[in-house]
Each structure stands twice: as C-alpha cells, then as structure tokens.
Amino acid sequence: MNQLTYLLVIALTACMSCNDFLDVSDELTQEVTMDDVFENPAYTRRFHRYIYTGIPDMKYMVFNTDYNNPMDGLDAPWSPCSDELKASRNSTNTIPVSGYSSANAPYTRWSLYKQIRQCNLFLQYAKVIPGDVDQISEEELADMKNTARFFRAYYHYLLVELYGPVPLMTEVVDSNAADLDFARAPLDEVVNFIDAELAELSKLLPEQRLEDNERVKPTRGVALAVRAKLWVYAASPLLNGGYAEALEVTNTDGTRLFPDRDNNKWQKALNALQELIDWAETGAYELHTVYNPDGTVNAAQSLYQLQQVYNKEIIWAATNNSFGAVNSDGQDRSCTPRTEGVGQTALGVLQDMVDDFFMADGLSIEESPNYTEEGFSDYVNEIPASPIMGGVTPVITTQVSNMYLNREPRFYDAVFFQGRRWHISGREIFFHDGGNNGKTGGMYSRTGYLPYKGYCKELYNSGSFKKSQFRPSILFRLGEFYLLYAEVLNEVNPSDRRIIEYVDRVRVRAGIPRLADIKPQIIGDKELQREAIRKEMRVELFMEGQRYFNVRRWMVAEDGQESPQGGWVKGMNLDSKDPKEEFHKRKNVELRLFERRMYLYPLPLNEVQKSRKLVQNPGWE
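In this text, all values refer to a predicted model and were calculated from it rather than measured experimentally. (Residues numbered from 1 in each chain as written. Predicted model: local features only at pLDDT ≥ 70, side-chain atom pairs only at ≥ 80, totals over all residues. Heavy atoms only, no water.)

Caption draft 1: Region of the structure containing the overall build of the protein chain. Each helix and strand in the protein chain was counted, giving 19 helices and 10 strands. For the protein chain, the proportion of its 621 residues judged to be buried stands at 59%. The long-range share in the protein chain, meaning contacts at least 24 apart out of those at least 6 apart in sequence, stands at 70%. Only carbon and sulfur atoms are counted for the fraction: they give 48% of the accessible area of the protein chain, which is about 23,300 Å². (Helix = DSSP H or I, 4+ residues; strand = E, 2+ residues; numbered from the N terminus. Buried < 20%, exposed > 50% of the residue type's maximum accessible area, 1.4 Å probe, protein only. Contact = heavy atoms within 4.5 Å. Areas by Shrake-Rupley, 256 points an atom, 1.4 Å probe, with all protein chains shown as cover.)

Set out below in structure tokens:
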C-alpha cells in the first residue's frame, strides 16, 4: 500500500505492535487516509496539534515515584529524584531508593518518536488548502511547518538530554519497509542536526506570540534557548569525553557514539548563549523584578510573581495545569498541609536543600556569622489579614528555630517550615509527632518541610475561596540562562568580568548582596567561580527540573563528589513530640542509591531486545 494512502487506523495497530518509531497520533483513528487529512483544514490542524503533546509538564512532580504507578519522562519526576525533594506518597520502593533496570526504568522519553514521526509526516504531506470558508494559507502553512521543524529538533534535544546519542529520525519511514531497525547516530551528528535546524528556525519563527492561545508556540527566543542549552550539554563533561565508559560504546558496525573531549565546544556553547543574551537585551526578555516605591527591589514579590503569571522573564512555558485544585489531585494539594482543607503534604523539601539556601547577607550558612541553630525567636509572617480569624492579621508566630531566621528571600518563597503560619488561615503548621501535620496516615511530609515555591496564595479549600489557579509551567526563563552564560564564560575565560556580573544580576533580583561586593577574592579564579555559579543554580532553579540533569552533566553525582545523589538524605526529627529542641535535629530520612551507570538513562530494554542495531548505554544490560 502506498505510504500516502494507508489508513491511519492500520498504521496505529500495526506500528504499535512493531516499532515505536512509526507510531502516530491516535486523534485520527477513524478510517481516513493521508489524502483526507491534508485536503481538510480541520483535519490538518488536528494532525498538527498532536505535535505539541510531547512538551514536558514541569509541574507534574507529585505522584508515582514507585514502580506501581510510574510517571513519564515528560512529566517532572526530577526534583524528587534529585537532592531537592522527598515524595511522601508511596514512600516505599521509590526510584531514588531502589534504583531501576533497563526493563523497568519508568521515566522514559522514548515515546517522543511518535511525535517526531508526526512532525515528519506533516512536513512531507501538508500543503496549502484553498477555500472560501476555511483554508490553509501559504502563511499559515509556513508557520505550521516551521513549528513542526522546531518540535522535531526539540524532541531530539529532549532525548539527548536523557540518553545521549539516539537514532536520528528526519524523514518519513514507510511502515511497509522491509528493514524497520534503526541504530543510534553518533552524538555529534545528532547535535549538529539539531543545531542547524534551530539556527535556521531562529530566523524564521516569529519574534513573539502574545495571544494566550499562542503562547505555547515556539518563537525566535525559544529556538535560541534550546540551541544554547543543547551546546551546554554537548560541552559538559558527561557528553564531552568525561564519561570514560561511554567512550567505549559503539554501534554494531563499530561506529563510536560518544566523542572525545573537545574544549572548543565550550566556545560553541558561548556563541549560542551570546546570541540568546544579545536577543534578550534588545528588550525581548528581562528578569522579572518588582520595585518598592523607593526604587529598591522587592525580592519577595519579584520571586512570587515570577511563578504566578506570564512575564518577560519567561522565554517559554507550557500550558499544562497539573497544579490541579486544592480539593483534588495535583501539585497544589500535595503541597498543602492536611489541616488546611484536605491537604495532602505529599512532598517534602530535603534538609540538604534547606541548608543550601543562602543567608540574607548572601553567604552560606557555613560562612555567615548570622547563622545559628541554637534557640528560638519570633518570626514575622508577611500574610494578609486572615478572614478565617476574624480579619485579624496574625503578625507573629509563637517562635521558630533560629535556623530559619535571617535567610534569603528565595528561602521564604520556596520552603514552608515548622511554626510558620499558613497564608490564608493564619494557622501555625507543625510537623512533629502529635503536631497538626505530623506522622499520621500514609501521606505526611517525611522531612518536616513543604515546598512553597509557585504556590498561589489565594487558594484555600473553604467557602468562596479560589480552589484552583492556572500558572504557566515554565520551561525556559532568562534567570537560568544568565547563570548558564556565567558558567560557560568561566570555562572559556575565567578572567571575563561578565561572569560575576551575570550571577550578580540574579542575586540582586533575589534580594541578596552581590558576589562582587562580598566575595571579590573569587573573581578570576576558575574553580571558585565555578563553585559559586553551581551553588547559585542550586538555589535559583530549585524545583524547576534542572538539578537532576545539572549534577549529571557536571559528573559530580557520585559518592565523595560535590553533589552526591546517593547516600542518606536528611530532614527534621519527625519522631519527636517536642515541637522545639528535639524536632529541630537532623535525622536520616532515606538511603538513596546512585550508581555510576545512572549518569545516562537506559534505553528501554524492549526496544534494544527487538533491534539488531540499537545498543545500550554503558552499564545497562
């Protein structure tokens, strides 16, 4: 049967049983031919819309960290699988504890080949459709094809991020072809394809899309951002000769998949980043900053609003709304105390993460003279007058541990801790044994903290309060790229003054002193600047899905390295019935597993087993 006229329903049933590379959308499973699809404007647009379905949902990080109900690699399990969060739901047999094999690794992205095939089909067969009532004009078709090219490149990028070299699929494959087996392309070949596509598309895609229903569509800035991030990965040790075991991996014909180290890739990364930074500084993007009447930065509102609404810092955001509602499943309910209207407390911030937030003086807790874990003091809650408490503003809690005082604004924006008051009820929240959110039932914070970053403070499961609120699911924002720019500048030329300048731009918006003012001695020192940049990324990008990949691309995730992902992670002592001294002692929460082979994710075992050409990543069988 000719490729153009095969029935989509046949393609679905046949291809799902043989090879994921040939899978296509199930939106059009009625018996229509390719001719039918691309002669009909409505069908054509439906076919094109499916291409968007591979965009990651960066706010779906709550559930299913065990084998019984796995998440997808296009969700956001990465914070609970790194040294940021502990998932409290299904707390046993979790991936960070038990590890995984190539047979049961749950967070696969292999399904993206379905969307990649959809892109290729669209690019080959879509055409102008004239009409008086409805039509696909030349202008609309050009934009749709550019978008399809972008997503084909972007989905290959997402595969590289997780697996390294992958099969490169740039053309429609006939489902009736005799050989439907595909080998992995060498990493440089995949990177160069993605790079060339994005470089061209950055000149073809619109500079901006302002309509709400178009915000998810790629723009020039999105193409530049993906291209810059791609080269950061390609230049980093994991994919640039630093993973010795990977250098031994070859295809069955002897072709090497991973390249030797090439320091010139840092310059390529810098060139790509520079193009994005230059474009941003024409006014396309800016750090979201709220100012007080006296001209000083209002860090608390800057950080809060950044996650709540579309703003000029966001380069690209998805329209997924997995925040859910506070009275139904979703991230918001999972970050809500049980006392606050059927909350679930299903996520906990690790003590390791809490400790890495800076102090208000911009120094770490180890460096700052203002940090102490001894004693308790009053903590002023910045919350509105509580209608539940008769409109009286509960200004001061009883007392909180001094370890939570004098911390930086990002800490208060991101972490809810023992004794802090909830923003609507004004109720103090306690996590100790016997406390109002202590160890009761199957779900409770295993660490004595809740994530607070991105939570909408207008939500409450009571009366006429708002129960849900859409927020953009941020994929790329300028703050991250300022820090990546500093990182790459440091690898190319540690004496470049822009390194500290761009880190300090992020710090100023966060309401803490500049490194240039408090640590001038690190300027020009490559190792000290690298350390400072990584610590800044740790805090600034908390819960944004980047930490998991950063510690792997840097290859610092093993025991004894700077950011080990294995070993004991800690929280507060939830077993204590004392809400003060005994509770505020660090306690081992979970013993996590990290093996060297986990630097790269395994290709799905079933794909490898049914192939004569597909080879596995190092260390996986």
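Caption draft 2: A look at the nonpolar core. Among the nonpolar cores identified, the biggest contains 177 residues, and Phe150, Phe151, Tyr154, Trp316 and Phe476 are the most heavily contacted of them. Apart from residues lying up to four places away in sequence, phenylalanine 150 is in contact with Leu198, Leu201, Leu205, Pro218, Val222, Ala223, Val226 and Trp316. (Core = buried A, V, L, I, M, F, W, Y, C linked by side-chain atoms within 4.5 Å.)

Caption draft 3: Fine view of the environment of tyrosine 155. Relative to the assigned elements, tyrosine 155 resides in helix α6 (residues 138-163). Distance from tyrosine 155 to isoleucine 116, taken between C-alpha atoms, is 6.9 Å for residues 39 residues apart in sequence. Those residues in contact with tyrosine 155, other than ones at most four positions away along the chain, are Ile51, Tyr52, Thr53, Gly54, Ile55, Leu112, Gln115 and Ile116.

Caption draft 4: Representation of the side chain of threonine 44 within the structure. Considering the arrangement of structural elements, one finds threonine 44 in helix α3 (residues 41-49). The buried category is assigned to threonine 44, whose relative accessible area is 1%. Sequence-distant contacts of threonine 44, that is, excluding residues within four places in its chain, are made with Val37, Phe38, Phe122, Ile129, Ile136 and Met144.

Caption draft 5: Looking closely at the environment of tryptophan 231. Its place among the elements puts tryptophan 231 in helix α8 (residues 220-235). Tryptophan 231 gets classed as buried once you look at its relative accessible area, which sits at 5%. Between the alpha carbons of tryptophan 231 and alanine 272 there is a distance of 7.3 Å; along the sequence they are 41 residues apart. Beyond its immediate stretch of four places on either side in the chain, tryptophan 231 contacts Val191, Asn192, Asp195, Lys265, Lys268, Ala269 and Ala272.

Caption draft 6: Layout of the pairing of strand β2 (residues 314-318). Summarising burial for β2: 5 of the 5 residues are buried, a large majority. Bridge count between β2 and strand β8 (residues 473-477): 4 bridges; the pairing is antiparallel. Its bridge partner lying in β8, alanine 318 is registered against serine 473. (Pairing = 2+ DSSP bridges.)

Caption draft 7: Highlighting the packing of aromatic side chains. Scanning all chains against the criterion turns up 46 aromatic pairs. Between tryptophan 110 and tyrosine 113, the aromatic rings sit 5.2 Å apart at their centres with planes inclined by 65°, giving edge-to-face as the arrangement. By the burial criterion, tryptophan 110 is buried, and tyrosine 113 matches it. When the centroid spacing of 6.3 Å and the interplanar angle of 65° are considered together, the rings of tyrosine 412 and phenylalanine 417 count as edge-to-face. Ring pairing ties together the aromatic residues Tyr52, Phe150, Phe151, Tyr154, Tyr155, Tyr157, Tyr233, Trp316, Phe476 and Phe481, which thus form one cluster. The ring of tyrosine 310 has arginine 215 sitting right over it, with the charged end atom 4.2 Å from the ring centre. (Phe/Tyr/Trp six-rings, centres within 6.5 Å; stacked < 30°, edge-to-face > 60°. Lys NZ or Arg CZ within 6 Å of the ring centre and 35° of its normal.)

Caption draft 8: Spotlight on helix α14 (residues 478-492). For α14, with 15 residues, the first-to-last C-alpha span of 21 Å sits near the 21 Å given by 1.5 Å per residue. Within α14, 14 of the 15 residues are buried, which leaves the element mostly enclosed by the surrounding structure. (Expected span 1.5 Å × (residues − 1).)

Caption draft 9: Helix α7 (residues 187-204), seen in detail. The terminal C-alpha atoms of α7 lie 26 Å apart, and with 18 residues this matches the ideal 26 Å at 1.5 Å per residue to within 8%. Leu187, Val190, Val191, Phe193, Ile194, Asp195, Glu197, Leu198, Ala199, Leu201 and Ser202 are the residues of α7 that are buried. Elements in contact with the buried residues of α7: α6, α8 and α9 (264-284).

Caption draft 10: Structural view of the pattern of salt bridges. Scanning the entire structure with this criterion turns up 54 salt bridges. One salt bridge in this structure joins lysine 217 and glutamate 214, with 3.1 Å as the shortest N-O distance. A network of salt bridges, in which partner residues are shared, links Glu313, Glu408, Arg410, Lys453, Arg477, Arg507, Arg509, Glu536, Glu540 and Glu544. (Salt bridge = Lys/Arg side-chain N within 4 Å of Asp/Glu carboxyl O.)

Caption draft 11: The arrangement of the packing of α14 against helix α15 (residues 498-509) in detail. Interhelical geometry of α14 versus α15 gives an angle of 160° and a closest axis separation of 8 Å. Looking at the two axes, α14 sits roughly antiparallel to α15. When you trace α14 past α15, the crossing you get is left-handed. Contacts between α14 and α15 pair Gly479, Tyr482, Leu483, Tyr485, Ala486, Leu489 and Asn490 from the former with Arg498, Ile499, Tyr502, Val503, Arg505 and Val506 from the latter. In the contact of α14 with α15, the residues fall into 9 nonpolar, 2 polar and 2 charged. (Axes fitted to C-alpha atoms, helices over the stretch in contact; angles between N-to-C directions. Parallel < 35°, antiparallel > 145°, perpendicular 65-115°, else oblique. Left-handed = near helix turned anticlockwise from the far one by under 90°. Nonpolar A, V, L, I, M, F, W, Y, C, P; charged D, E, K, R; others polar.)

Caption draft 12: Highlighting unusual backbone geometry. Within the chain, threonine 345 stands out as a residue other than glycine whose phi angle is a positive 45°. As for its placement among the helices and strands, threonine 345 is situated in the loop between α11 (331-334) and β3 (347-349).

Caption draft 13: Structural view of the packing of α6 against α7. Following both chains from N to C, one finds α6 and α7 inclined at 145°, their axes separated by 9 Å at the closest point. Where α6 crosses over α7, the two elements pack in a sense that is left-handed. Residues Asn146, Arg149, Phe150, Arg152, Ala153, His156, Tyr157 and Val160 of α6 form the contact with α7, whose participating residues are Leu187, Val190, Phe193, Ile194, Glu197, Leu198, Glu200, Leu201 and Leu204. Here the residues of the contact of α6 with α7 are counted per class, giving 11 nonpolar, 2 polar and 4 charged.

Just geometry here; none of it tells us what the structure is for.
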